[in-house]
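These are the residues of each chain, in order.
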Amino acid sequence: MINKVVSNADEALQDIQDGAVLMLGGFGLCGIPENSIAALLRKGVKGLTCISNNAGVDDFGIGLMLQTRQVKKMISSYVGENAEFERQLLSGELEVELIPQGTLAERIRAGGAGIPAFFTPAGVGTEVARGKETREFGGKTYLMESWLRADFALVKAWKGDTAGNLIYKGTARNFNPMMAAAGKITIAEVEELVPAGELDPNMIHTPGIYVQRIYQGQQYEKRIEQRTVRS
Amino acid sequence: MALDKIGIAKRIAREVKDGMYINLGIGIPTLVANYIPDNINVELQSENGLLGMGPFPTEAEVDADLINAGKQTVTYLPGASIFSSAESFGMIRGQHVHLTILGAMEVSERGDIANWKIPGKMVKGMGGAMDLVASAENIIVAMQHRSRDGASKLLKECSLPITGLRCVKKIVTDLAVLEVLPEGGFKLLERAPGISVEEIREATEGKLVVEGEIPEIQI
């Protein structure tokens, strides 16, 4: 059994350099790698390209890395909850590439699965299609989209084992499994790290082969963006 | 009298058929779930990776790891399943989701929809909207017939950046229910109680097709 365990976030992220291309799991603030983001802030690496469905909020998630000007470019599908993001974008300090959410998910999946390009109907006839090859299949037009891969993928799971196998909880799964496969180095933080053999192999969402480093996360805040309850 | 948001949601709920898998957008579409009759069994899909979405949680049920695509806390119902974003959009692209209900800023008479960007104003992103409109077999738009400044939102051509081409099948507004004809044009199916065909024509910039008596919306 290959042991993937590192002692903490700082050790896990030690070789991330300025200008790295990162993937960060999560949908909104749900399932984001909180400990790895905190370590990036401590480390102070700059000029990062961050591939993540969203950009956090002003004072949590990737939003914190925007405050410290560590992000050069965001590749996302929706960034609506972040005023600092909008300000940096409009002032030209930050580059952004907005991608339809399903295309983003599939480009990352393709990256991890070794498929350099695929065709999707999303974005045909829109500004997303500019400069992209189109082709007809069965009388319908599709856009060619290419894979996305990253120097480091930072993912977050509920449980993981020392072999790097991961299980997610609820909708905190979202982009994490595809990103785990698309990172040259994938760093997983988990709420509960257990010895190999304790997780049921039938229940594994991300097989350990995709994970190079795993650590036990600390003090999860799990902030809720839209706390909505019924009476 | 023009319909309010709840009226629009109630009218759209009548389009929902037993056995459907449905994706509901943010805003009025989310309200539709409240008015689906008890004898109609459907499953709601949330594109962040949940099928079988239930109502908002009670205070005690709130779980930060269970949200909908609007990032609101939700619950799941018996028979629910959870999956990745890639799987979620696979089921959308593969047309396993039967009905998509979403809001719009503009719809053209050919069924083009614009709902993601106002140049120079808002920088938010399209989220899953482009994937949903490009793939759904059946798309119903819930919207106000006119913008706040009185301009028609049912146009010959969309003026805002497009989300998808020739995809909207039906529109329910505060004034009317309309079908988008394959050859182009908004066919008037129903009008809001007390709203005349003339008022609807005035509020519709695109081609309005009126055939015979137009009944009032029943909700």
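For the structure given in this document, a descriptive report is provided here. Being a predicted model, the structure only gives us computed values, none of them experimental.

Calculation criteria
Residues numbered from 1 in each chain as written. Chains lettered and ligands numbered in written order. Predicted model: local features only at pLDDT ≥ 70, side-chain atom pairs only at ≥ 80, totals over all residues. Heavy atoms only, no water. Contact = heavy atoms within 4.5 Å. Buried area = accessible area lost by both parts, 1.4 Å probe. Salt bridge = Lys/Arg side-chain N within 4 Å of Asp/Glu carboxyl O. Polar contact = N/O pair within 3.5 Å; in protein donor to acceptor, adjacent residues only side chain to side chain. Helix = DSSP H or I, 4+ residues; strand = E, 2+ residues; numbered from the N terminus. Nonpolar A, V, L, I, M, F, W, Y, C, P; charged D, E, K, R; others polar. Pairing = 2+ DSSP bridges. Buried < 20%, exposed > 50% of the residue type's maximum accessible area, 1.4 Å probe, protein only. Axes fitted to C-alpha atoms, helices over the stretch in contact; angles between N-to-C directions. Lys, Arg positive; Asp, Glu negative; His and termini not counted. Expected span 1.5 Å × (residues − 1). Phe/Tyr/Trp six-rings, centres within 6.5 Å; stacked < 30°, edge-to-face > 60°. Lys NZ or Arg CZ within 6 Å of the ring centre and 35° of its normal.

1. Here we look at the interface of chain B and chain A
Piece 1. Taken together, the 49 residues of chain B in the interface contact 49 residues of chain A.
Piece 2. The largest contributions to the chain B side of the interface with chain A come from D65(B), K71(B) and V123(B), which together make up 20% of the buried area.
Piece 3. Summed over the shared surface of chain B and chain A, the number is six salt bridges.
Piece 4. The salt bridge involving D65(B) is made with K222(A); its shortest N-O contact spans 2.5 Å.
Piece 5. The interface formed by chain B and chain A contains 24 residue pairs in polar contact (both at pLDDT 80 or more).
Piece 6. Sorting the residues of the side of chain B that touches chain A by element identifies helix 3 (85-93) and helix 4 (129-135) of chain B as the ones contributing at least two each.
Piece 7. Partitioned by chemical class, the residues of the side of chain B that touches chain A number 22 nonpolar, 16 polar and 11 charged.

2. A look at the sheet that holds strand 7 (residues 113-114) of chain B
Two strands in a sheet stick together by hydrogen bonds in their backbones, pointing the same way (parallel) or opposite ways (antiparallel).
Residue and element names in this part refer to chain B.
Piece 1. Sheet architecture is open: three strands sit in the order 7-6-9, paired in mixed fashion. Edge strands, defined here as strands with exactly one partner in the open sheet, are strand 7 and strand 9 (154-155).
Piece 2. Here two bridges tie strand 6 (residues 106-108) to strand 9, and the two strands are oriented parallel to one another. If you follow S108 over to strand 9, its bridge partner there is L155.

3. Structural notes on the pattern of salt bridges
Piece 1. A full pass over the atoms with the stated rule returns 31 salt bridges over all chains.
Piece 2. Salt-bridge contacts for E127(A) lead to K117(B); the nearest nitrogen and oxygen are separated by 2.9 Å. Taken as a pair, E127(A) in the loop between strand 5 (117-120) and strand 6 (134-137) and K117(B) in the loop between strand 7 and helix 4 lie in two separate chains rather than in one.
Piece 3. Judged by its relative accessible area of 26%, E127(A) falls in the partly exposed class.
Piece 4. We note a salt bridge from K184(A) to D151(A), for which the minimum N-O separation is 3.1 Å. Within this pair, whereas K184(A) is found in strand 10 (residues 183-194), its partner D151(A) is found in strand 8 (residues 150-161), the two being separated by 33 residues in sequence.
Piece 5. Under the relative-accessibility criterion, D151(A) is labelled partly exposed at 26%.
Piece 6. Where salt bridges share partners, they join K156(A), K169(A), E191(A), K222(A), D63(B) and D65(B) into one cluster.

4. Re unusual backbone geometry
All names here are of chain A.
Piece 1. Its identity as a non-glycine residue notwithstanding, N174 has a phi of 30 degrees, on the positive side.
Piece 2. Relative to the helices and strands, N174 is located in the loop between strand 9 (166-167) and helix 6 (176-182).
Piece 3. Taking relative accessible area as the criterion, N174 reaches 0% and is therefore assigned buried.

5. Considerations on the sheet that holds strand 5 of chain A
Residue and element names in this part refer to chain A.
Piece 1. Reading across the sheet, the three strands line up as 5-7-6 and stay open at both edges, with antiparallel pairing between neighbours. On the outer flanks of this sheet lie strand 5 and strand 6, each paired with one strand and no other. Within the sheet, the average angular offset between the axes of one strand and its neighbour, ignoring direction, is 40 degrees.
Piece 2. One ladder, built from four bridges, connects strand 5 with strand 7 (residues 140-146); its direction is antiparallel.

6. Remarks on the pairing of strand 6 of chain A
Residue and element names in this part refer to chain A.
Piece 1. Examined bridge by bridge, strand 6 and strand 7 share four bridges and lie antiparallel to one another. From the neighbouring strand, R135 faces strand 7, where its bridge partner is Y142.
Piece 2. Where strand 6 folds back on strand 7, the antiparallel hairpin that results is connected by two residues, among which G138 adopts a positive phi of roughly 55 degrees.

7. Structural notes on the side chain of E106(B)
All names here are of chain B.
Piece 1. You can see E106 is positioned in strand 6.
Piece 2. For E106, which is buried and forms no salt bridge, the nearest opposite charge comes from K153, at a distance of 8.9 Å.
Piece 3. Among the polar contacts listed, one links the side chain of E106 to the side chain of S159, at a separation of 2.6 Å.
Piece 4. Polar contacts involving the side chain of E106 include one to the main-chain amide nitrogen of L160, which spans 3.0 Å.
Piece 5. Excluding anything up to four places from it in sequence, E106 contacts D112, I113, A114, M143, K153, L155, C158, S159 and L160.

8. Some points on helix 5 (residues 101-113) of chain A
Residues and elements named next belong to chain A.
Piece 1. For helix 5, built from 13 residues, the straight-helix expectation of 18 Å at 1.5 Å per residue is met to within 8% by its first-to-last C-alpha distance of 18 Å.
Piece 2. Taking burial as the measure, the 13 residues of helix 5 include 10 buried ones, the bulk of the element.
Piece 3. Taken residue by residue, helix 5 has Q101, G102, T103, L104, A105, E106, R107, I108, A110 and G111 as its buried positions.
Piece 4. Positive phi appears at G114, one or two residues downstream of helix 5, with a value of about 75 degrees.

9. Some thoughts on the packing of aromatic side chains
Piece 1. Scanning the entire structure with this criterion turns up two aromatic pairs over all chains.
Piece 2. Plain terms: the ring middles of F119(A) and F137(A) are 5.2 Å apart, the flat faces sit at 65 degrees to each other, and that makes the pair edge-to-face. Here F137(A) lies in strand 6 and F119(A) lies in strand 5, a separation of 18 residues in the sequence.
Piece 3. Exposure remark for F119(A): the relative accessible area of 26% places this residue in the partly exposed category.
Piece 4. Under the relative-accessibility criterion, F137(A) is labelled partly exposed at 38%.
Piece 5. Here a set of aromatic residues connected by ring pairs shows up, and it is made of F119(A), F137(A) and Y142(A).
Piece 6. We note K156(A) situated over the ring of Y220(A); from NZ or CZ to the ring centre the distance is 5.0 Å.
Piece 7. One residue, K71(B), lies across the ring of F27(A), its end atom 5.7 Å from the ring centre.

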